[in-house]
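Each chain, written out:
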Amino acid sequence: MPERHIHLDAVGGVAGDMVVAALVDAFPALRARVLADVAAALPAAADLPDFREGSSGGIRALSFGLRHGGTAPQHADGDDDHDHDDDHDHDHDRDHDHH
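This section reports on the structure supplied with the text.

So, how was this worked out
- Here the residue numbering is sequential within each chain, running from 1 through the sequence in written order.
- Where totals are concerned, whole chains, interfaces and linings use all residues; where local detail is concerned, this predicted model gives features only for residues with pLDDT of at least 70, and gives and counts side-chain atom pairs only at 80 or more.
- With hydrogens and water excluded, all non-hydrogen atoms of the structure serve as input to the side-chain values.
- By nonpolar core we mean a set of buried residues, namely Ala, Val, Leu, Ile, Met, Phe, Trp, Tyr and Cys, connected to one another through side-chain atoms within 4.5 Å.
- To sort residues, take the accessible area from a 1.4 Å probe on protein chains only and compare it with the maximum for the residue type: under 20% means buried, over 50% means exposed, and anything in between is partly exposed.
- A run of DSSP states H or I qualifies as a helix once it reaches four residues; a run of E qualifies as a strand once it reaches two. Both are numbered from the N-terminal end.
- Residue contacts follow a heavy-atom distance rule, with two residues in contact if any of their heavy atoms lie within 4.5 Å.
- By the convention used here, strands pair only if DSSP detects at least 2 bridges between them.

1. Concerning the nonpolar core
Here is step 1: With 5 residues, the main nonpolar core is built from A21, V24, F51, L62 and F64.
Here is step 2: Taken together, the elements giving at least two residues each to this core come down to α1 (16-26) and β2 (59-67).
Here is step 3: With near-sequence residues (within four places) excluded, L62 lies in contact with A21, V24, D25, R31, F51, R52 and E53.

2. Focus: the pairing of strand β1 (residues 48-56)
Here is step 1: Strand direction decides the pairing type here: β1 and β2, joined by 9 bridges, are antiparallel. Bridged to D50 within β2 is G65.
Here is step 2: Hairpin connection between β1 and β2: a loop of 2 residues separates the two successive antiparallel strands, and G57 in this loop has a positive phi of roughly 60°.

Written as structure tokens, this is what we have:
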């Protein structure tokens, strides 16, 4: 693959799981390497990294997270205190509203 350069101007911060998903969506050839590298960096007892295709607001989307117990990906940053604009099923340790 030719060398590429991406300038990310994250003045207000950036969500790591969303950046990983966006980059792998833009460069699908990186998917296997990203999964392998993340799995190698995690403790042996950790959940597995996973990509999931879905939609948000009617637009196709790729998400990245950890597959908990063989079910839905968990948010990579562990931040489960948030709102969503779409309906989907996933597990969290605590309840929150879906809008």
